[in-house]
Amino acid sequence: MAAYSGIRFNFKRAVVDHVFGIRKLLWPVLDLGDLVHRTLTGRTQYPPLSARQKVGGSIWASIAEFDAIGKECLALLKGITGLQPQHTVLDIGCGCGRLAIPLLEYLQPTARYQGGDVDREMISWCSRSVTPRHPNASFFHIDVFNSFYNPELTKQARDFRFPVQDGSVDRIFLGSVFTHMMPLDVEAYLREMARMLREDGCALISVFVITRARLSGPARPLIEQKFRFAKDGHRLASEKYPELDIAYDEDVLNGMIERSGLQHRQPIIWGHWAGETGMSSHDFLVLEKAK
C-alpha cells in the first residue's frame, strides 16, 4: 500500500497564503482553467484546484493525486478497522471530500456519512457538490479558532461539541488532524470520540508519536530536525506557526487516551516518518471505547 501523505498544510503554503497573499490573486484564474479541464474530461465531481491544494499533495494537486490519496485512506479504513458498507462514518477534517468521494461509492445508500472541517469554504463546496449526489452524506463546519483557516474566531476546539448523537458512529477517521492540534484540543476531541462511538466502533487517527526508543536511537536526529522545539509532552515544527506540525510523547498521548474513556484496540501502527520501516508517513492509532 502506498504511503498515506495527507498533510493538511506545510510551511510553503503558510507563506503563500498568509504572508504574501499570492493565493488570493492567483486561484480565481487557476480555478477557472481547472474548471474547464474538469468539464472537458468529465470530472466535475471533484473539487476545484484551490480546494485540492489546501488538503495537501503537490503544488499542482492534480485530480489523479487527489483521487489516489482518497482511495488510500479508504483502503486504510477497510484494511485496519474492518469498515463495512453498512457502517456509519464520521470524517473529522474531511476537507473538500478527498475521502468522502470514494467512500460514498463504497457505502450503502442507507449508511450515513458525516464530514466536518474548520474550513468553511470546503464544507460549503461539499454540501453543494457531494450531498446532491449522495443524500446519505452531510457536512458541518467546525467553527473554532485555527491560525490558518479561522484566525478571526475565539472559540477553541476544546469547547466544540460535534453535532453527532451519542453512541451513533461505527468508524471515525482523522487524517492529519491531531498532527496540527494542541494538547488540550486533542484531549477534548478524544472525549468527544468516546461519546460518539458505538460500543463496537473504533477510530483511526494519524499522528506523530515520539517514543523513548526513537529518541534514544538513530531516529533522534530526524525527530529533532523535523520537530525542533521541545515543549511539555510534545514537540513543534515551528514556534511561529504552532499548528504547522506537532508530535506527541507516547506517554502523554496514552494518558490523554485513557482519561478520555478510550483504549487502544491494537498496538500503534508505526510509520516511516522517523526513518524507520513503516507503511505510512504517519503513525496510526486505532482506538475504541474503554471496556
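Each chain carries its own residue numbering, running from 1 in the written order of its sequence. It should be noted that, the model being predicted, local features are given only for residues of pLDDT at least 70 and side-chain atom pairs only at 80 or more, the latter also being counted only at that level, while totals for whole chains, interfaces and linings use all residues. Each side-chain value is derived from all of the structure's non-hydrogen atoms; neither hydrogens nor water enter the calculation.

Quick notes on the overall build of the protein chain
For the purposes of this entry, the term helix denotes a DSSP run of H or I that reaches at least four residues, the term strand denotes a run of E that reaches at least two, and both are numbered from the N terminus. Within the protein chain, the regular secondary structure consists of 10 helices and 11 strands. Taking the principal axes of the C-alpha coordinates as reference, the protein chain spans close to 55 × 45 × 40 Å. Expressed as a percentage of its 291 residues, the buried residues of the protein chain come to 56%. In this analysis, two residues are considered to be in contact whenever any of their non-hydrogen atoms come within 4.5 Å of each other. Taking the contacts inside the protein chain whose residues are at least 6 apart along the sequence as the reference set, 66% of them involve residues at least 24 apart. Accessible surface, the protein chain: about 12800 Å² in total, of which carbon and sulfur atoms supply 56%. In this scheme, a residue with accessible area under 20% of its type's maximum is buried, one over 50% is exposed, and one in between is partly exposed, where area comes from a 1.4 Å probe on protein chains only. Accessible surface is estimated by sampling points in the Shrake-Rupley manner with a 1.4 Å probe; for residues, cover comes only from the protein chains shown.

Some remarks on the packing of aromatic side chains
For any pair of aromatic rings, geometry is given as the distance between the ring centres together with the angle between the planes. Within 6.5 Å between ring centres, the rings of Phe, Tyr and Trp (the latter by its six-membered ring) count as paired, and their orientation is classed by plane angle as stacked under 30 degrees, edge-to-face over 60, tilted in between. Overall, the coordinates contain nine aromatic pairs when judged by the stated rule. With a centroid separation of 6.2 Å and 85 degrees between ring planes, the pair formed by Tyr-46 and Phe-66 is classed as edge-to-face. Of this pair, Tyr-46 sits in the loop between helix H2 (22-40) and helix H3 (49-54) while Phe-66 sits in helix H4 (residues 63-81), placing them 20 residues apart in sequence. The exposure classification of Tyr-46 matches that of Phe-66, with both residues buried. Ring-pair connections join several aromatic residues into one group, and the members of that group are Phe-140, Phe-160, Phe-162, Phe-178 and Tyr-189.

A closer look at the side chain of Gln-114
Its location among the elements puts Gln-114 in strand S2 (residues 113-117). Accessibility expressed as a relative area gives 7% for Gln-114, which makes it buried. In this structure Gln-114 touches Val-89, Leu-90, Asp-91, Ser-138, Phe-140, Pro-163 and Val-164, once residues within four positions along its chain are discounted.

Some remarks on the sheet that holds strand S8 (residues 234-236)
Ordered in space as S6-S9-S8-S7, the four strands form an open sheet in which the pairing is mixed. Either end of the sheet is taken by a strand with one partner, and the two such strands are strand S6 (209-210) and strand S7 (229-230). Relative to strand S9 (residues 246-249), S6 is paired through two bridges, and the arrangement is parallel. The residue of S9 that forms the bridge with Ile-210 is Asp-249. At least two DSSP bridges between two strands are required for those strands to pair.

Some words on the nonpolar core
Counting 38 residues, the largest nonpolar core has Ile-172, Phe-178, Leu-190 and Ile-205 as the members making the most contacts within it. Elements that contribute at least two residues to this core include exactly strand S1 (89-92), strand S4 (169-174), helix H7 (183-196), strand S5 (197-207), S9, helix H10 (250-259) and strand S11 (283-289). By residue number, the principal contributor to this core is H7, which donates six residues. As used in this record, nonpolar core signifies buried Ala, Val, Leu, Ile, Met, Phe, Trp, Tyr and Cys residues forming a set joined through side-chain atoms within 4.5 Å.

Some thoughts on the sheet that holds S1
Across the sheet, seven strands lie side by side as S3-S2-S1-S4-S5-S11-S10; this open sheet has mixed pairing. The open sheet terminates on both sides in strands that have one partner only, identified here as strand S3 (137-141) and strand S10 (262-264). Put simply, the sheet's adjacent strands are angled 20 degrees from each other on average, direction ignored. Across five bridges, the pairing between S5 and S11 is antiparallel. Paired with Leu-204 across the bridge in S11 is Val-286. Axis geometry follows a simple rule: fit a line to the C-alpha atoms, using only the stretch in contact for helices, then measure angles between N-to-C directions, giving values from 0 to 180 degrees. Sheet strands touched by H4: S4, S5 and S11. Its angle to S5, the strand with the most contacts, is close to 130 degrees. Relative to S3, helix H6 (residues 120-129) is tilted by about 160 degrees, and along the sheet it contacts S2 and S3.

Here's the deal with the pattern of salt bridges
One side-chain nitrogen of Lys or Arg within 4 Å of one carboxyl oxygen of Asp or Glu is enough to make a salt bridge. The tally for this structure, following the rule as stated, stands at 19 salt bridges. In this structure, Lys-54 engages Glu-121 in a salt bridge whose closest nitrogen and oxygen atoms are separated by 3.6 Å. Here Glu-121 lies in helix H6 and Lys-54 lies in helix H3, a separation of 67 residues in the sequence. We classify Lys-54 as buried; its relative accessible area is 7%. Residue Glu-121 is classed as exposed on the basis of its relative accessible area of 56%. One network of salt bridges, with partners in common, ties together Arg-161, Asp-166, Glu-192 and Arg-195.

Observations concerning the side chain of Thr-88
Considering the arrangement of structural elements, one finds Thr-88 in the loop between H4 and S1. With a relative accessible area of 12%, Thr-88 lands in the buried category.

Brief notes about the pairing of S11
When you tally the buried positions in S11, you get seven out of seven residues, the bulk of the element. Note that S10 and S11 share three bridges and pair antiparallel. Bridge pairing in S11 links Gln-263 to Glu-288.

Things to note about the environment of Arg-228
Along the chain, the position of Arg-228 falls in the loop between helix H9 (220-226) and S7. With 10 residues separating them along the chain, Arg-228 and Ser-238 place their C-alpha atoms 7.3 Å apart. Those residues within four positions of Arg-228 in sequence are excluded, and the remaining contacts are Arg-235, Leu-236 and Ala-237.

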